[in-house]
Amino acid sequence: MRAWMLVLAAGILLIAVSGIQATAAGDRPAWYDQISISGYFQNRYEARQDTVDDFFMRRLYVNLVGRLNDRTTAVVVFGRVGPEDPNIDLSCAFVDYQVNDEWMVRVGQVPTNFGWDTAESSSKRLPLERFVGAEGIPTRPGRPGIRGMYFAGPWDRGIYLIRKPVNNAPKIIFGVVNGNFRNTDDNNNKTVSIDIKWSQPWGQCGISWMDGKFGPSPNPADRDAIDIYFHTDPGSWGFQGEYLDGSLMGHDIDGWYLQAAYQKDAATPFVRYEVFDPNKSASGDTYTGLHIGCAYQLDKHNEITVEWVDADQCCTDYGQFGLQWQLAY
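Residues numbered from 1 in each chain as written. Predicted model: local features only at pLDDT ≥ 70, side-chain atom pairs only at ≥ 80, totals over all residues. Heavy atoms only, no water.

*Asks:* Teacher, can you tell me more about empty space enclosed by the protein here?
*Replies:* If you roll a probe as big as a water molecule over the atoms, it shows you where there is empty space left. By the definition in use, this model includes three cavities of 30 Å³ or more. The space that makes up the largest cavity amounts to roughly 320 Å³. Elements with a minimum of two residues in the lining of the largest cavity: strand 1 (35-48), strand 2 (54-67), helix 2 (132-135), strand 6 (136-137), strand 16 (287-297), strand 17 (302-313) and strand 18 (316-328). Looking at the lining of the largest cavity element by element, the count peaks at four residues for strand 18. The residue makeup of the lining of the largest cavity, split by class, is 10 nonpolar, four polar and 11 charged. Around the second largest cavity sit 13 residues that line it, and Thr 112, Tyr 150, Tyr 160, Val 177 and Ser 193 are the ones nearest its centre. Within the residue set of the lining of the second largest cavity, elements represented by two or more residues are strand 8 (155-163) and strand 10 (191-200). Split by residue class, the lining of the second largest cavity holds six nonpolar, four polar and three charged. (1 Å grid on protein atoms, 1.4 Å probe; cavity = no way out; pocket = protein on both sides within 12 Å on 5 of 7 lines; lining within 4 Å. Points joined across faces, edges and corners; volume = space filled by probe spheres on them. Helix = DSSP H or I, 4+ residues; strand = E, 2+ residues; numbered from the N terminus. Nonpolar A, V, L, I, M, F, W, Y, C, P; charged D, E, K, R; others polar.)

*Asks:* What am I meant to see in the nonpolar core here?
*Replies:* The nonpolar side chains of soluble globular proteins are, as a tendency, buried together. In terms of nonpolar packing, the biggest core is built from 23 residues, with Met 149, Leu 244, Phe 276 and Tyr 287 touching the most fellow members. Broken down by secondary-structure element, the contributors of at least two residues to this core are helix 2, strand 11 (203-214), strand 12 (221-231), strand 13 (237-248), strand 14 (251-262) and strand 17. Ignoring any residue separated from it by four or fewer positions in sequence, one finds Tyr 287 in contact with Val 132, Ile 137, Ile 146, Glu 274, Val 275, Phe 276, Val 309, Ala 311, Asp 312, Gln 313 and Tyr 318. Val 75, Val 77, Cys 92 and Tyr 160 belong to the second-largest nonpolar core, a separate cluster that totals 13 residues. (Core = buried A, V, L, I, M, F, W, Y, C linked by side-chain atoms within 4.5 Å. Buried < 20%, exposed > 50% of the residue type's maximum accessible area, 1.4 Å probe, protein only. Contact = heavy atoms within 4.5 Å.)

*Asks:* For this particular structure, what's the right way to read unusual backbone geometry?
*Replies:* Comment: phi is negative for the bulk of residues other than glycine, and the bulk of peptide bonds are trans. Looking along the chain, the bond that leaves Ser 217 and enters Pro 218 is cis, with omega of 15°. Within the secondary structure, Pro 218 sits in the loop between strand 11 and strand 12. Cis geometry is adopted by the peptide bond preceding Ser 236, which originates at Gly 235 and carries an omega value of -5°. By the element assignment, Ser 236 lies in the loop between strand 12 and strand 13. Even without being a glycine, Asn 167 presents a positive backbone phi close to 55°. By secondary structure assignment, the location of Asn 167 is in the loop between strand 8 and strand 9 (171-177). Judged by relative accessible area, which is 78%, Asn 167 ranks as exposed. Notably, Phe 181 is not glycine yet its phi reads approximately 60°, a positive angle. Within the secondary structure layout, Phe 181 lies in the loop between strand 9 and strand 10. You can call Phe 181 buried: its relative accessible area is 3%.

*Asks:* I tried to follow the pairing of strand 17 on my own but got confused; where do I start?
*Replies:* For a regular strand, side-chain orientation follows a simple rule: the groups alternate between the two sheet faces. Note that strand 16 and strand 17 share 10 bridges and pair antiparallel. Its bridge partner being in strand 17, Gly 289 is matched across the sheet by Ala 311. With antiparallel pairing between neighbouring strands as the criterion, strand 16 and strand 17 make up a hairpin whose turn holds four residues. Turn length for the strand 17-strand 18 hairpin, with the two strands adjacent in sequence and antiparallel, is two residues, and the turn residue Cys 314 shows positive phi of about 55°. (Pairing = 2+ DSSP bridges.)

*Asks:* Sorry if this is basic, but what is going on with the pairing of strand 14 here?
*Replies:* Inspection of the sheet shows strand 13 paired to strand 14 by 12 bridges, in the antiparallel sense. Residue pairing for strand 14: Phe 239 is matched across the bridge by Ala 260. In textbook terms, the turn of a hairpin is the stretch between consecutive antiparallel strands, and for strand 13 and strand 14 this stretch comprises two residues, one of which, Met 249, has a positive phi near 55°. By the bridge criterion, eight bridges tie strand 14 to strand 15 (residues 267-277) in an arrangement that is antiparallel. Within strand 15, the residue paired with Ala 261 across the bridge is Phe 270. The hairpin formed by strand 14 and strand 15 contains four residues between the paired strands, and Asp 265 there has a positive phi angle of roughly 55°.

*Asks:* Is there a simple way to think about the pattern of salt bridges in this case?
*Replies:* Any two side chains of opposite charge can pair, on the condition that their charged atoms come close. Taken as a whole, this structure holds 14 salt bridges when the rule is applied. Of the charged contacts, one joins Glu 129 and Arg 58 as a salt bridge, the two residues approaching to 2.7 Å between their closest N and O atoms. You can see Glu 129 sitting in the loop between strand 5 (103-111) and helix 2 and its partner Arg 58 sitting in strand 2, a full 71 residues away along the chain. Here Glu 129 falls in the partly exposed class, since its relative accessible area comes to 23%. For Arg 58, a relative accessible area of 8% translates into the label buried. A salt bridge links Glu 129 to Arg 59; the nearest nitrogen and oxygen atoms lie 3.0 Å apart. Taken together, the residues Glu 129 in the loop between strand 5 and helix 2 and Arg 59 in strand 2 connect sequence positions 70 residues apart. The structure contains a network of salt bridges with shared partners spanning Arg 44, Glu 46, Arg 58, Arg 59, Glu 129, Arg 130 and Glu 135. (Salt bridge = Lys/Arg side-chain N within 4 Å of Asp/Glu carboxyl O.)

Next comes the structure, spelled out in structure tokens:
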């Protein structure tokens, strides 16, 4: 793993050094003219048969993006990421440096590029939550949780080398991160990743691979996976699917989902069926969920989503109703 890290770091440094050019002095606009603000928040009512009903704010993000010059963009994101965490804190803080027309370096506390559901913004996803294999299910009063690959959020601290698509070639992303989400690393291993993403006239497809460790030395657990996916935007029909296979906290895991959606004017009804086994060596712990819902776009800023989930988690059958109002700005 250290060999991967050294090779990638050396490649990034060589490309960065080759791309450095002098910048001509000139009049510059005020710093505040270079900063844009965007974001969204999701307020939700959720009722599940085997636990308490709840009004809560599921997510809140404020993005500050500064275009510092033709090559450099700084991004700072503040967020509230779940019902168990009422605090607003630093979600991401990274710099994008455009080395040349083909290569870019991204460094800092960065969002992940893994798969589709993990990497996609929650503001764009039709189901209320990510694939269970990607993020899991948080523990709530009266119910156990499930760990997915990115159980602590879709981000980490490290560096990405990004090659943008050229002609029909895919986008390729090489990464080295701590593997400990937003916390400082607690072992001597780094997580390495490769993401290959194709955009085609019909939609997108890709494959992601990651290999790393999680937990303190001297015996951190494996956290590695491979993920393949496809996606087409609803227009009018849209389809999406993903398959995940890997190892997490000493357990072999795998899972998949298929999704269909139909867009008609402002309404987009959808259905998703997913399966996730968090421990293939055990029996009776597989999660299955059928999601049926509809997203309705009131205007370009406001969206309402209603969803019903029929799920089986660890031999417990339950139904769950969710109603969400999203404001994006």
